[in-house]
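# Architecture at a glance
Listed below are the residues making up each chain.
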Amino acid sequence: MNDILAFPLLPTLLFFAGAFILLIWEQLQSYIPVFTTARKSHVGLAVAVLVFLVLGVRIALRLTDSFTGPPTVIAPWGTGDGVTVRMDGMSTAFLFVPALLLAAGFGGRQFFNHAALLVLAGASAAVFVAANGIGFSDALLLFDVFGALFWLRQKHPSLALARLLLSVFTTGTLMLAALPAIAESGTYLFTVGLWLRLTVFPFAEITVWGKRNTISAEAMVWTALSTAIGVYMAARFLRLPAPLSVQVLVGVVALFNAALVWLSRKESTAIKLLRMSITQPGLILLFAPVTASVAIALGLGYTLALGALWFSPKIGKPNFLERHWLWIYAAPVLATITIAGFPFTFGWMAHLKLYTQLLQSNRMGILALVVLAEGLAFSALYHYWRDLLAGNDPRETALLTALVVTIPFLLPGVAGITFNIITGIPFEGLSSPLVSGVLWNLALVWGIAAIAGYGQAWIIRRLALSPAMIDAILQLDWLWQTVRPWWRAGENGVLRLKAVFEGTHYLGWAFLLTLVGILVVILQ
């Protein structure tokens, strides 16, 4: 039994098995009416809960010495020829991201593409347990191929093509960084790939989501999984500080995105929350080389906090006369203080490391960009709480599923205990010689967020800014119209991918198998 629980690919297999069951379920719906959408949600919830229990039992067995060997958070990747996998403390922490987000989404019945999300979760789980460069490259390619098919199903071949190109560039630069002769140049290109994956590409995806009349929970789960993989990649492979040029690009894109969060009046609060997922995780490149604690704080704590905000319905103003109902505000409150960096939360750990590192290295220009970008991005929380308190939707099921996401990982104090149990390393509270400087910078961030959120309309009027002009400029529609003619050829090629994977485009299958064979030869 222990051998089965210790198998690193068990969560991946469970997610894929759930997707397979749901695909069969969809085929049976046309013949047996009892197979309803609600029951499909129950199947997805059961799979997510099962993965969560597997992770919990595995941690319990490790704590009771049922597994031999101490837990390792950052392990050497090795240079073996084969594809190897392992589940250490860091992998286990990141595996909670798909498990908890899918449990919350399926529990609240907020998903439509049930099988597709389980497939994406399984592919992300394979990325989190890859133990060497070859395994990681294969798993990342698998995730990005499924991501491309996900965008094809959303009728966006341009983003599908961009996802494939991004995957090839990332894995290629990762291989270059492993070659001693050109390790420095390869690492620089790999850092550029991480910058594209964590900031630029999500910006394009979220802009597409924002142009829709309605946005489903699939957008949040997809963004969270993609973000967590980017953070995990930086923690595992980025062993040198990011070049100054990349640091400046990170700060500029974060500020650019945060300005859109603050100024845009067309985009909904849900889109603003998604844009917040770019601001802070993208800053992980300023930490390089990244420690496990920072990676887990951003990849686990930040994404789960955004998920909790997303899944919490608009419950309206609190009634203090009925105190037994005040628990419904726990999920959004805990998520908000985690994002804001309240002490003894995952958000505090990330801010403590970031600001301490910037202050110690005297990078005041980058620090100013970070503070301004976070302040403008966090102004979205004002709009979120305004909409939440103006609503009247106390759905207990959705609130309970949001609490599942928040309580173990976002409650101050309890988050540190959870972190210690999962990883085996101590949670860092106030242990920094520059803690006062960190607190002052955080106070400045909160001040900017409060002023930018509450005084948004007044500031825009005083600056005589046109909302329509702002959206047109910041969403880069003008740039897309310029490059679109050159993108057509590749986009038309991606449209044939569906036929290739369905087996009806035989020449495409021949080319695909040839490329896979060449890749296998190169990797070996």
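None of these values were measured; they are calculated from a predicted model.

With that settled, the discussion passes to the overall build of the protein. Secondary structure summary: the protein contains 24 helices and zero strands in total. Every one of the 524 residues in the protein was classed for burial, and the buried ones make up 54%. For the protein, the accessible area works out to roughly 22400 Å², and carbon and sulfur atoms hold 70% of it.

Checked against the element boundaries, Arg 39 lands in helix H3 (residues 37–63). Using a relative accessible area of 42% as the deciding quantity, one classes Arg 39 as partly exposed.

Right, let's talk about the environment of Ile 366 for a bit. Structurally, Ile 366 can be placed in helix H15 (residues 364–378). By relative accessible area, which is 8% here, Ile 366 ends up buried. Remark: the alpha-carbon pair of Ile 366 and Val 252, spanning 114 residues in sequence, is separated by 9.2 Å. Not counting residues within four places of it along the chain, the set of residues in contact with Ile 366 comprises Gln 247, Val 248, Leu 286 and Leu 358.

Under the criterion given, the structure shown has 17 aromatic pairs. Here the aromatic rings of Phe 94 and Tyr 232 are separated by 5.1 Å at their centres, their planes lie at 75 degrees, and the arrangement is edge-to-face. Remark: Tyr 232 occurs in helix H9 (residues 217–237) and Phe 94 occurs in helix H4 (residues 89–107); sequence separation between them is 138 residues. With respect to burial, Phe 94 and Tyr 232 carry one shared label: buried. Where Phe 150 meets Trp 222, the ring centres are 5.3 Å apart and the plane angle is 25 degrees; that geometry is what we call stacked. Of this pair, Phe 150 sits in helix H6 (residues 133–153) while Trp 222 sits in helix H9, placing them 72 residues apart in sequence. Residue classification places Phe 150 among the buried positions, given a relative accessible area of 4%. Three or more aromatic residues joined by ring pairs form one cluster here, namely Phe 143, Phe 150, Trp 151, Trp 209 and Trp 222. Positioned over the ring face of Phe 203 is Arg 275, at 4.9 Å from the centre of the ring.

Judged by side-chain polarity, Phe 169, Leu 176, Leu 179, Ile 182, Tyr 188 and Leu 189 come together as a nonpolar surface patch covering roughly 450 Å² of accessible area. Here Tyr 188 is to be found in helix H8 (residues 183–210). Among the residues examined, Tyr 188 registers a relative accessible area of 36% and is labelled partly exposed.

Per-residue confidence for the protein averages 77 on the pLDDT scale, and 76% of its residues sit at or above 70. Averaged over each element, pLDDT in the protein is lowest for helix H23 (residues 497–502) (50) and highest for helix H5 (residues 114–129) (90). Under a pLDDT of 50 for its full length, residues 500–506 has, in the predicted model, 13 contacts with residues more than four places off or in other chains.

Once that is clear, we can look at H8. For H8, which comprises 28 residues, the first-to-last C-alpha distance of 39 Å matches the rise-based estimate of 40 Å (1.5 Å per residue) to within 8%. The axis of H8 is deflected most strongly, by about 40 degrees, at Leu 196.

So, about the side chain of Thr 418. Turning to its location among the elements, Thr 418 is positioned in helix H18 (residues 414–423). On the basis of relative accessibility, which here comes to 13%, the residue Thr 418 falls in the buried class. Excluding residues within four positions of it along the chain, Thr 418 makes contact with Pro 408 and Phe 409.

Orientation of H8 relative to H9, taken along the N-to-C sense of each, is 175 degrees, at an axis distance of 10 Å. On the basis of the axis angle, H8 is roughly antiparallel to H9. In this structure, H8 contributes Phe 190, Leu 194, Arg 197, Leu 198, Glu 205, Ile 206 and Trp 209 to the contact, and H9 contributes Ala 219, Trp 222, Thr 223, Thr 227, Gly 230, Val 231, Met 233, Ala 234 and Phe 237.

Moving on to the pattern of salt bridges. Evaluation of the coordinates by the stated rule reveals four salt bridges. With its nearest N and O atoms 2.9 Å apart, the salt bridge here joins Asp 144 to Arg 163. One end of the pair, Asp 144, is in helix H6; the other, Arg 163, is in helix H7 (residues 157–177), with 19 residues separating them in the sequence. On the accessibility criterion, Asp 144 (0% relative accessible area) is buried. A salt bridge links Arg 386 to Asp 387; the shortest N-O distance between them is 3.7 Å. Taking relative accessible area as the criterion, Arg 386 reaches 45% and is therefore assigned partly exposed. Using a relative accessible area of 22% as the deciding quantity, one classes Asp 387 as partly exposed.

The next thing to look at is the packing of H6 against H8. The geometry of H6 relative to H8 is characterised by a closest axis approach of 14 Å and an angle of 20 degrees between their N-to-C directions. If you check the angle between H6 and H8, you find them roughly parallel. Two packed elements cross with a definite hand, and for H6 against H8 that hand is left-handed. Contacts between H6 and H8 involve Leu 140, Asp 144, Phe 150 and Trp 151 from the first element and Arg 197, Glu 205, Val 208 and Trp 209 from the second.

Let's shift gears to unusual backbone geometry. Residues other than glycine seldom take positive phi values, yet Lys 155 does so here, at roughly 65 degrees. Assignment of secondary structure puts Lys 155 in the loop between H6 and H7. Unusually for a residue other than glycine, Phe 344 sits at a positive phi of about 70 degrees. For Phe 344, the location among the structural elements is in the loop between helix H13 (330–339) and helix H14 (346–360).

Let us look at the environment of Tyr 188. Between the alpha carbons of Tyr 188 and Pro 241 there is a distance of 9.5 Å; along the sequence they are 53 residues apart. If sequence neighbours within four positions are ignored, Tyr 188 has contacts with Pro 243, Ser 245 and Val 246.

Conventions we followed
Residues numbered from 1 in each chain as written. Predicted model: local features only at pLDDT ≥ 70, side-chain atom pairs only at ≥ 80, totals over all residues. Heavy atoms only, no water. Helix = DSSP H or I, 4+ residues; strand = E, 2+ residues; numbered from the N terminus. Buried < 20%, exposed > 50% of the residue type's maximum accessible area, 1.4 Å probe, protein only. Areas by Shrake-Rupley, 256 points an atom, 1.4 Å probe, with all protein chains shown as cover. Contact = heavy atoms within 4.5 Å. Phe/Tyr/Trp six-rings, centres within 6.5 Å; stacked < 30°, edge-to-face > 60°. Lys NZ or Arg CZ within 6 Å of the ring centre and 35° of its normal. Patch = residues over 30% accessible without salt bridge, like charges linked within 9 Å, V, L, I, M, F, W, Y side chains within 5 Å. Salt bridge = Lys/Arg side-chain N within 4 Å of Asp/Glu carboxyl O. pLDDT = per-residue confidence, 0-100. Expected span 1.5 Å × (residues − 1). Bend = angle between axes of the 7 residues up to and from the residue. Axes fitted to C-alpha atoms, helices over the stretch in contact; angles between N-to-C directions. Parallel < 35°, antiparallel > 145°, perpendicular 65-115°, else oblique. Left-handed = near helix turned anticlockwise from the far one by under 90°.

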